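# Structure at a glance
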Amino acid sequence: MCSRPCSLLWLVGWLLCFQVKPSELSCLAFTKGPGMGAPLRSVAVVVRTLSQLWGVPMIGVNHCVGHIEMGRVVTGAKDPVVLYVSGGNTQVISYSMNRYRIFGETIDIAVGNCLDRFARILNLPNAPSPGYNIEQMAKKGKVFIDLPYVVKGMDVSFSGILSSIEVIAKEKLASGECTPEDLCFSLQETVFSMLVETTERAMAHCGQNEVLIVGGVGCNERLQEMMAQMVSQRPNGKLFATDDRYCIDNGAMIAWAGLLQFQNGQTTSLEDSTCTQRFRTDEVLVNWRT
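Let me begin by describing the structure that accompanies this report. Throughout this description, residue numbers start from 1 for each chain and increase along the sequence as written. Per-residue local features are limited, in this predicted model, to residues with pLDDT of at least 70; the limit for side-chain atom pairs, both in listing and counting, is 80 or more; totals at the level of whole chains, interfaces and linings are taken over all residues. In computing side-chain properties, one takes all heavy atoms of the structure into account and sets aside hydrogens as well as water.

## Looking at the layout of surface pockets
- Using a grid of 1 Å spacing that covers the protein atoms alone, one calls a set of points a cavity when a 1.4 Å probe fits there but cannot get out, and a pocket when the set is open and has protein on both sides within 12 Å along at least five of seven lines; lining residues are those with an atom within 4 Å of a point. Grid points are joined across faces, edges and corners, and a volume is the space filled by probe spheres set on the points. The volume enclosed by the second largest pocket comes to roughly 320 Å³.
- Lining the second largest pocket are 18 residues, with Gly88, Asn89, Gln91, Glu105 and Arg280 positioned closest to its centre.
- Tallied by class, the residues present in the lining of the second largest pocket amount to seven nonpolar, seven polar and four charged. Residue polarity is assigned by list, with Asp, Glu, Lys and Arg as charged and Ala, Val, Leu, Ile, Met, Phe, Trp, Tyr, Cys and Pro as nonpolar; anything else, Gly included, falls into the polar class.

## Observations concerning the packing of helix α5 (residues 130-138) against helix α7 (residues 180-206)
- Between α5 and α7, whose axes approach to 7 Å, the crossing angle comes to 105 degrees. Classified by the angle between their axes, α5 and α7 sit roughly perpendicular to one another. Here Ile134, Glu135, Met137 and Ala138 of α5 come into contact with α7, specifically with Pro180, Glu181, Cys184, Phe185 and Gln188.
- Grouping the amino acids of the contact of α5 with α7 by side-chain chemistry returns six nonpolar, one polar and two charged. Axes, fitted as lines to C-alpha atoms, cover a helix only where it is in contact. Angles between the N-to-C directions of the axes lie from 0 to 180 degrees. Strands are runs of DSSP state E lasting at least two residues, helices are runs of H or I lasting at least four, and both sets are numbered from the N terminus onward. Put simply, angles under 35 degrees are roughly parallel, angles over 145 are roughly antiparallel, angles from 65 to 115 are roughly perpendicular, and the rest are oblique. We call two residues in contact whenever any of their non-hydrogen atoms come within 4.5 Å of each other.

## Quick look at the sheet that holds strand β8 (residues 210-214)
- Read from one edge of the open sheet, five strands run β5-β4-β3-β8-β9, paired in mixed fashion. A single partner strand is all that each edge strand has here, and the edge strands are β5 (99-105) and β9 (238-240). Between one strand axis and the next, the sheet turns by 25 degrees as a mean value, whatever way the strands run.
- We treat two strands as partners when DSSP finds at least two bridges between them. Here strand β3 (residues 81-85) pairs with strand β4 (residues 90-96) via four bridges, running antiparallel. Its bridge partner being in β4, Val85 is matched across the sheet by Thr90.
- Running over the sheet, helix α3 (residues 63-75) touches β3, β4, β5, β8 and β9 and is turned about 125 degrees from β8.

## Section: the pattern of salt bridges
- Any Lys or Arg side-chain nitrogen found within 4 Å of a carboxyl oxygen on Asp or Glu counts as a salt bridge. Tallying each qualifying case throughout the model produces eleven salt bridges.
- Between Glu197 and Arg201 there is a salt bridge, with its nearest N and O atoms 2.5 Å apart. Note that Glu197 and Arg201 are positioned in helix α7 at a spacing of four residues, about one turn of the helix.
- Relative accessibility thresholds used throughout: buried, under 20% of the residue-type maximum; exposed, over 50%; partly exposed, between the two (1.4 Å probe, protein chains only). By relative accessible area, which is 26% here, Glu197 ends up partly exposed.
- Between Arg280 and Asp282 there is a salt bridge whose closest N-O contact spans 3.9 Å.
- One connected set of salt bridges, linked through shared partners, spans Glu105, Arg280 and Asp282.

Okay, structure coming up:
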């Protein structure tokens, strides 16, 4: 949303379009974090304004929890190990004792950020998205190029891989030793193998047989294919994934998570209706699950 006035007009316009009265609203859900500061602040200000104007309670939602709950309700996953992969986050998560516990995560940049930055190195367009363009080029790759494979326990690291492939791209593309398609293929295979490995380790540790992939990178069909191969080799293994309608950030996931919180007695006071770029997944009380 470009500005607070635009956000307010947009929201009121939709209420009029669907003939919904403010008195019919149970709560107003908004993203408390994590995310980029400017849009988080803009939306928080609008929600505070409308909450006081209409007398409707606010619900501050964790962005990651929104992804997880949208994935669960859409796919029907019961108790999965969650792989949350996007441009800003990379986490392996499992539910335990009213929290989404983080079993592993990136120690530097997110996998989506790694892919997006490499797309810029290759001068790939942003439309429809850099990650999607890498995915399509990777399908045409034929030569696998060795890249650093960095798994540290349950955590992963992508910054060194990005630095390495940038150097390789300059050298090998100039000499004709490989193509951009080969580099995209090699990058995807490497980083996705790391994610599959850590996810499988979490499954073994938690004794779970379901995997749910959420987040923007979760749209990638090759990631889904690799994860499906791993899951199929485990007893009663099941993979749950969605397409870009639900993987990519959307308002419905925040609304759904906010409704779950509201139905279980959670609201956000005016004093606590701040937003933060650092809001850990495991900070949220998940009292709607048993």
